[in-house]
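Next come the chains, spelled out residue by residue.
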Amino acid sequence: MNIKIRLTLMSFLQFFVWGAWLITVGNYWFGTKQWSGAEFGAIFSTLGISSIIMPALTGIVADRWINAERLYGVLHILGGLALAYIPQVDNPTTFFWVIFASMLCYMPTISLSNSIGYTILKSNNFDVVKVFPPIRVWGTVGFIVAMWITNLTGNKASANMFYISAIAAVILGLYSFTLPACPPQNKTSKDASLIQSLGLNAFKLFADYKMALFFIFSMFLGGALQLTNMYGDTYLSDFEKIPQYADSFVVRYSTIIMSISQISETLFILAIPFFLKRFGIKQVMLISMLAWVLRFGLFAYGDPEGGLWMIILSCVVYGMAFDFFNISGSLFVETTTDSKIRSSAQGLFMMMSNGFGAFFGGLISGYVIDTYFTVNGQRDWHNIWLAFSVYALVIAIAFAVLFKHKHNPKDVENIAH
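Residues numbered from 1 in each chain as written. Predicted model: local features only at pLDDT ≥ 70, side-chain atom pairs only at ≥ 80, totals over all residues. Heavy atoms only, no water.

## Here's the deal with the packing of aromatic side chains
Evaluation of the coordinates by the stated rule reveals 47 aromatic pairs. Here the aromatic rings of Phe96 and Trp97 are separated by 5.0 Å at their centres, their planes lie at 85°, and the arrangement is edge-to-face. Exposure remark for Phe96: the relative accessible area of 17% places this residue in the buried category. Here Phe399 and Phe403 contribute two aromatic rings whose centre-to-centre distance is 4.8 Å and whose plane-to-plane angle is 15°, an arrangement assigned as stacked. Of the two residues examined, Phe399 and Phe403, each falls in the buried class. (Phe/Tyr/Trp six-rings, centres within 6.5 Å; stacked < 30°, edge-to-face > 60°. Buried < 20%, exposed > 50% of the residue type's maximum accessible area, 1.4 Å probe, protein only.)

## Let's talk about the nonpolar core
Among the nonpolar cores identified, the biggest contains 130 residues, and Trp18, Trp21, Phe95 and Phe162 are the most heavily contacted of them. Broken down by element, this core gets its largest block of residues, 14 residues, from helix H9 (residues 209-237). Here Phe162 is in contact with Trp21, Val25, Tyr28, Leu83, Ile86, Pro87, Phe95 and Ile99, once residues within four sequence places are set aside. (Core = buried A, V, L, I, M, F, W, Y, C linked by side-chain atoms within 4.5 Å. Helix = DSSP H or I, 4+ residues; strand = E, 2+ residues; numbered from the N terminus. Contact = heavy atoms within 4.5 Å.)

## Notes on unusual backbone geometry
With glycine set apart, most residues show a phi of negative sign, and most peptide bonds adopt trans. The backbone of Gln34 shows a phi angle near 60°, a positive value even though the residue is not glycine. Taking the relative accessible area as the measure of exposure, Gln34 reaches 60% and is therefore exposed. Despite not being glycine, Asn125 shows a phi value in the positive range, around 60°. By the element assignment, Asn125 lies in the loop between helix H5 (92-123) and helix H6 (128-152). The exposure class assigned to Asn125 is exposed, which follows from its relative accessible area of 72%.

## Description of helix H1 (residues 3-19)
Helix length check: H1, at 17 residues, gives a terminal C-alpha distance of 24 Å against a target of 24 Å (1.5 Å per residue), a fit within 8%. Most of H1 is tucked away: 14 of the 17 residues are buried. (Expected span 1.5 Å × (residues − 1).)

## Let's talk about the pattern of salt bridges
Two side chains of opposite charge can pair, provided their charged atoms sit close to one another. A complete count under the given rule lists 4 salt bridges for this structure. A salt bridge links Arg70 to Glu69, with the nearest nitrogen and oxygen atoms 3.9 Å apart. For Arg70, a relative accessible area of 46% translates into the label partly exposed. Across the pair Arg252 and Asp247 runs a salt bridge whose closest N-O atoms are separated by 3.7 Å. Residue Arg252 is classed as partly exposed on the basis of its relative accessible area of 39%. (Salt bridge = Lys/Arg side-chain N within 4 Å of Asp/Glu carboxyl O.)

Quick look at the structure:
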């Protein structure tokens, strides 16, 4: 089979595994199991903890001892087995530990899949910059397809979503053993300290005021992303409790409506070169933050009938909110850090947003919603989304005032290539 097609299949399955349950787990938790919001926040914190500790550790293992594609396969199979056990779990505490085990296996496979793709493409003399992005886009397609399958098969509040994900994970794990070998590169020197090996030397960037601010804002925005993943589908499904909306399209196909967010994400990627050249890195990051304000604000006032356009527009705006900060932030790190620690700095950026941001975003939002916005098991979605919108607005204003960065057109002149 053609190498590009094989890597496309890997990318598709990589995010299919996640998409089958990530957006709909709230429906299972609140609707089917009737568990509490505070405990639910802890579930999403597992993504953060796993993102903090696992990618660096598995990177060292793949760099020194085990072929990357084999490690990738083993992790997916183990993660799939954990997912397959979830339907047997009957209490929130056990659910937390099982999903945590699954995430410890899954989160490092995201960076491993990139590494495997780069290695195989380079060894076959492909232009990675040109060939890899179209392959990676199929990962987002996989995420969307999994969401649609979970919804259309009637499993958006069912334990079957975990079986769908587990089967895909085990298939991907087995498939990865058929990929071309990606042997250890031994790029880390034998006498490197543990801090250097784990990429933690990038933490010295916190001594620089501007970089420290950037990483702190990355963490706050990482929290905003988790709010969307955690509660979006549950919010739409909860319209079922209002008689006039009980059988609406929004309630029946909430996951499909949420998938507009992922579709938007793929489209806004194409707009980034124009925005970066026109406005510069800081302004694009600020646009992202204002897009988060809109994302939450539109949800606050939307409904399945007269306000359906607000729900759909909120999903469209998500693409701008998500892409503009992730990609412009990555470019900021690329253009302002020393080449010796650039990879570690990129890892630190992801650790702050997907790691600490997800961890604190999950825990704090779960507690706040449960304590201040839930009465007799009913969540006040209007004020929940307004509170999140105000949160994003405060971040945006603080960023505009505190973060000083001069636009240099040379920083972004090659962004389209």
